[in-house]
Amino acid sequence: MTAVTVPAPARRLSPLAGLSHTFTLAWRSLVQIKHNPLELADLSIQPVMFVLLFTYVFGGAISGSPGEYLTFALPGIIVQNAFFATMTTGFGLNHDLTKGVFDRLRSLPIARWAPLAGRILADTVKQAWSVSLLIAVGAILGFRLQNGVLGLIGALALLLAFSLAAAWVSVLVGVLVSEPDKVQVFGFMVIFPLTFTSNAFVPTETMPGWLQAWVEVNPVTVLADALRGLLVSGPVLAPVVQSVIWGVAIAAVFAPLAVRALRRRV
């Protein structure tokens, strides 16, 4: 007689249980920092170095003084750092996939989406830390918030929401590549040109005319302008709306692709 294997019934968990699992796994990712402090150092030392180098090396040449340049460039540096920080999601996910950690987590009686959601949530917390650090360093160097606490809260909310959307690009790359280091290679090949062909560091009008057309629609430019308007001064509504449109478009394209690729791999 041939034995018949009956598949186990699918787990049915409430949304609250899934959220609890997500927070638990997010905490797991954050606790790992004390065992690998360099992970947080990447989100702390590098952006602070960018602020110091750009302010005191290029500030006088571009804006006439380091203080004036800091007012212009700090929002752009924050945006650049946010884009690079999204790559940590793909890096960590690929590490969990290649080391079998992701499979072990999914074998537990937890929500199937909790491991990925926990990873993204933890990286969002790291993003918040990095942004707070940059603003604190900027304040020490002379950067001043001209729109008060509400402007700061709005800027943080917009940046974190955009980072959540952009993280899906990192998730897709992390699923497709075979090694974690290749996620970083992708970041340098794509994010570096994207940020430096924007107005994150220099005004658009100083660039060649053929490049300005791209700079004006570059998502880094749009988000940097939104943060300048919220933190310092300038237009707010138009760049914020454009940033939201960019974020929704990125998530709409890359989230389904990332989820599909992840299902195929696991």
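Residues numbered from 1 in each chain as written. Predicted model: local features only at pLDDT ≥ 70, side-chain atom pairs only at ≥ 80, totals over all residues. Heavy atoms only, no water.

Draft legend 1. Geometry of a nonpolar patch on the surface. Together, Ile 45, Met 49, Leu 53, Val 57, Phe 58 and Ile 62 make up an exposed nonpolar region whose accessible area comes to about 540 Å². Residue position: Phe 58 is located in helix H3 (residues 45-63). A relative accessible area of 40% means that Phe 58 is categorised as partly exposed. (Patch = residues over 30% accessible without salt bridge, like charges linked within 9 Å, V, L, I, M, F, W, Y side chains within 5 Å. Areas by Shrake-Rupley, 256 points an atom, 1.4 Å probe, with all protein chains shown as cover. Salt bridge = Lys/Arg side-chain N within 4 Å of Asp/Glu carboxyl O. Helix = DSSP H or I, 4+ residues; strand = E, 2+ residues; numbered from the N terminus. Buried < 20%, exposed > 50% of the residue type's maximum accessible area, 1.4 Å probe, protein only.)

Draft legend 2. The arrangement of helix H8 (residues 180-196) in detail. If you check H8, its first and last C-alpha atoms are 24 Å apart, about what 17 residues at 1.5 Å a residue would give, namely 24 Å. When the local axis directions of H8 are compared, the greatest deviation, roughly 25 degrees, occurs at Phe 188. Within H8, burial applies to Pro 180, Val 183, Gly 187, Ile 191, Leu 194 and Thr 195. (Expected span 1.5 Å × (residues − 1). Bend = angle between axes of the 7 residues up to and from the residue.)

Draft legend 3. Seen up close, the pattern of salt bridges. Per the counting criterion, the structure on display carries 4 salt bridges. One salt bridge in this structure joins Asp 96 and Arg 119, with 2.9 Å as the shortest N-O distance. Pair noted here: Asp 96 is in helix H4 (residues 66-98) and Arg 119 is in helix H6 (residues 114-141), with a separation of 23 residues, a long-range link. Like Arg 119, Asp 96 is buried. Between Arg 228 and Asp 225 there is a salt bridge whose closest N-O contact spans 3.1 Å. With Arg 228 and Asp 225 both in helix H10 (residues 219-231), this residue pair falls 3 residues apart, about one helical turn. Under the relative-accessibility criterion, Asp 225 is labelled partly exposed at 29%. Here the residues in one salt-bridge network are Arg 28, Asp 96 and Arg 119, joined through shared partners.

Draft legend 4. Fine view of the nonpolar core. Ranked by size, the top nonpolar core spans 42 residues in total, and within it Ile 78, Phe 83, Leu 223 and Leu 227 carry the most contacts. Put simply, the parts of the chain that give this core at least two residues each are H3, H4, H6, helix H7 (148-176), H8 and H10. Residue contributions to this core peak at 11 residues, all from H4. Residues in contact with Phe 83, not counting those within four places in the same chain, are Phe 162, Ile 191, Leu 194, Val 220 and Leu 223. Leu 93, Leu 97, Leu 172 and Ala 258 belong to the second-largest nonpolar core, a separate cluster that totals 13 residues. (Core = buried A, V, L, I, M, F, W, Y, C linked by side-chain atoms within 4.5 Å. Contact = heavy atoms within 4.5 Å.)

Draft legend 5. Spotlight on the packing of aromatic side chains. Summed over all chains, the structure comprises 10 aromatic pairs. When the centroid spacing of 6.5 Å and the interplanar angle of 40 degrees are considered together, the rings of Tyr 69 and Phe 72 count as tilted. Here Phe 72 and Tyr 69 lie together in helix H4, a separation of 3 residues that amounts to about one turn. Residue class for Tyr 69 comes out buried when judged on its relative accessible area of 0%. (Phe/Tyr/Trp six-rings, centres within 6.5 Å; stacked < 30°, edge-to-face > 60°.)

Honestly, that's just the spatial picture; any functional story needs more than this.
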